[in-house]
Amino acid sequence: MAGDRLHLGRSFFFIAGTVGLMRLPDRLSRLHALTKADNVGLGLLVLGLLLEGPGLLNGIKLVLIWLFVLAASATGAHLIAKRALRGDGEDDR
Amino acid sequence: MGLSFIAVPLGDFRLDVTRSKPTVGAVLLRLGLFAATWLVTAGTDPTSWLIGAPAVIAATWSSLHLSRRAGGSPRPLAALAFVPFFLWQSLRGAFDVAWRVMWPRMHIAPGLHSYRLRLANASARVLLLDTLSLLPGTLSADLRGDILTVHALDASDGALLDADIAQLEQRIGALFGERLVSVLDQ
């Protein structure tokens, strides 16, 4: 089933994101794992649900949720990084 | 367009008065779009509008307010061509970070890298910042004036980073119909 494979892929990216969060050495590097891996994980989850769930409205809703999370996490990561660089200097260079 | 459209310094937005008051059409279009978005995400339960109505009005107000200072919308056809590029690159970005952290010894050399932005359009800059964070290895960390600070998981090759960012900048510039001076011409 295509849906099962998508869910497998989703789990892989969510696990990779979490491994990155735990292993990466500093605040800014951890943001990479959270933005990139988790966004694709959520994308695959949405794709899998699109295959399972019926209805056009449901589909639009799922895609909208993914787009909102993409925009929010990329913007949030930028704000956290900016704060880290300008703020206490703990992560400076 | 080009570089004649320089972003207005903060606190001095009086310079940007070329745009007139929002038209009724612009208000109605936004109200309609945001109401439709609410309807799709929250469902048809009428009581949801207790929160939905204020949210739609607030979104319309902020959108009008912010668009006065933004640099317009992307060209529709170019935006459509951007979608597959974006999806492919974010998949590459996710694989890249997964690959780096899954090794017993992580393949990273994190560091900061500065880049002078040539994009002037305010909307295009926001899109660049957000897209860059989802692409392989880069995270837009700060922007002061024209200087973009990028955090990279592998910052050992500055020239490679420059080339990657310039390529994305070119693409997003084209999306907004802004032509950039080539790096080689500078």
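These remarks concern the structure in this document. (Residues numbered from 1 in each chain as written. Chains lettered and ligands numbered in written order. Predicted model: local features only at pLDDT ≥ 70, side-chain atom pairs only at ≥ 80, totals over all residues. Heavy atoms only, no water.)

## Quick look at the overall build of chain A
What counts is decided by this rule: Per the convention used, a helix needs a DSSP run of H or I reaching at least four residues, while a strand needs a run of E reaching at least two, with both numbered from the N terminus. The size measure is the radius of gyration over C-alpha atoms, and the globule rule it meets is 2.2 Å times the number of residues to the 0.38 power. For every residue, the accessible area obtained with a 1.4 Å probe (protein chains only) is divided by the maximum for its type, and the residue is called buried under 20%, exposed over 50%, and partly exposed between those limits. Contact definition: two residues touch when any of their heavy atoms are within 4.5 Å. Only the protein chains shown count as cover for residues, and all accessible areas are computed by the Shrake-Rupley method using a 1.4 Å probe.
Helix and strand counts for chain A stand at three helices and zero strands. Secondary structure elements of chain A occur, N-terminal to C-terminal, as α-α-α. Relative to a compact globule of 93 residues, whose C-alpha radius of gyration would be 12 Å, chain A shows 16 Å and is clearly more extended. By its C-alpha atoms, chain A is 50 × 25 × 10 Å across when sized along the principal axes. Looking at the 93 residues of chain A, the share that counts as buried comes to 42%. Looking at chain A alone, contacts between residues at least 24 apart form 66% of all its contacts between residues at least 6 apart. About 5,000 Å² of surface is accessible on chain A, with carbon and sulfur atoms providing 68% of the total.

## With respect to the sheet that holds strand 3 (residues 147-152) of chain B
All names here are of chain B. Under the convention used in this document: When DSSP finds at least two bridges between two strands, those strands are taken to pair. Axis geometry follows a simple rule: fit a line to the C-alpha atoms, using only the stretch in contact for helices, then measure angles between N-to-C directions, giving values from 0 to 180 degrees.
Sheet architecture is open: three strands sit in the order 1-3-2, paired in antiparallel fashion. The two strands at the open ends of the sheet, each matched to only one other strand, are strand 1 (111-116) and strand 2 (138-144). Neighbour-to-neighbour, the strand axes of the sheet open up by a mean angle of 30°, direction not taken into account. Pairing analysis gives six bridges linking strand 2 to strand 3, with the strands arranged antiparallel. Within strand 3, the position partnered with Leu139 by the bridge is His151. Across the face of the sheet, helix 5 (residues 158-175) comes into contact with strand 1, strand 2 and strand 3 while running at roughly 50° to strand 1.

## Notes on the pairing of strand 3 of chain B
Residue and element names in this part refer to chain B. Along strand 3, five of the six residues are buried, which leaves the element largely enclosed by surrounding structure. One ladder, built from six bridges, connects strand 1 with strand 3; its direction is antiparallel. Directly across from Tyr115, in strand 3, lies its bridge partner Leu148.

## Observations concerning the nonpolar core
Under the convention used in this document: For this analysis, a nonpolar core means a set of buried residues of the types Ala, Val, Leu, Ile, Met, Phe, Trp, Tyr and Cys, connected via side-chain atoms within 4.5 Å.
Leu148, Leu168 and Ile172 of chain B are the most contacted members of the largest nonpolar core, which has 26 residues in total. Of all the elements in the fold, those that place two or more residues in this core are helix 2 (27-52) and helix 3 (56-86) of chain A together with helix 3 (76-102), helix 4 (122-134), strand 3 and helix 5 of chain B. When neighbours within four sequence positions are excluded, Leu168 of chain B is seen to be in contact with Phe85, Leu128, Thr131, Leu132 and Leu135 of chain B.

## Re the interface of chain A and chain B
Interfaces are often sized by the accessible area lost when the parts come together. Selection rule: Here the quantity called buried area is the total loss of accessible area, with a 1.4 Å probe, experienced by two parts when brought into contact, counted for both. By definition, a salt bridge exists where a carboxyl oxygen of Asp or Glu is found within 4 Å of a side-chain nitrogen of Lys or Arg. A 3.5 Å cut-off defines polar contacts: any pair of N or O atoms within that distance qualifies, except that in protein one atom must be a possible hydrogen donor and the other a possible acceptor, and neighbouring residues in sequence count only when both atoms are side-chain atoms.
Between chain A and chain B, the contact holds 36 residues from the first and 38 residues from the second. Counting each side, the surface lost to burial between chain A and chain B is near 3,000 Å², with a carbon and sulfur contribution of 73%. Looking at the side of chain A facing chain B, the largest losses of area belong to Arg23, His32 and Lys36 of chain A, adding up to 22% of the total buried there. For the pair chain A and chain B, the interface holds one salt bridge. Among the ionic pairs, Asp142 of chain B bridges to Arg86 of chain A, the shortest N-O distance being 2.9 Å. Between chain A and chain B we count eleven residue pairs in polar contact (both at pLDDT 80 or more) in total.

## Some points on the packing of helix 3 of chain A against helix 4 of chain B
For clarity, the cut-off: Orientation categories follow fixed angle ranges, with anything under 35 degrees roughly parallel, anything over 145 roughly antiparallel, 65 to 115 roughly perpendicular, and all other angles oblique. Nonpolar residues are Ala, Val, Leu, Ile, Met, Phe, Trp, Tyr, Cys and Pro. Charged residues are Asp, Glu, Lys and Arg, and all others, Gly as well, are polar.
At their nearest, the axes of helix 3 of chain A and helix 4 of chain B sit 9 Å apart, and the two run at 95° to each other. In terms of axis orientation, helix 3 of chain A runs roughly perpendicular to helix 4 of chain B. Residue-level inspection shows Leu70, Ala71, Ala74, Thr75 and His78 of chain A of helix 3 of chain A in contact with helix 4 of chain B, the latter providing Leu129, Asp130, Ser133 and Leu134 of chain B. Residue composition of the contact of helix 3 of chain A with helix 4 of chain B, by class: five nonpolar, three polar and one charged.

In short, shape yes, function no, at least from these values alone.
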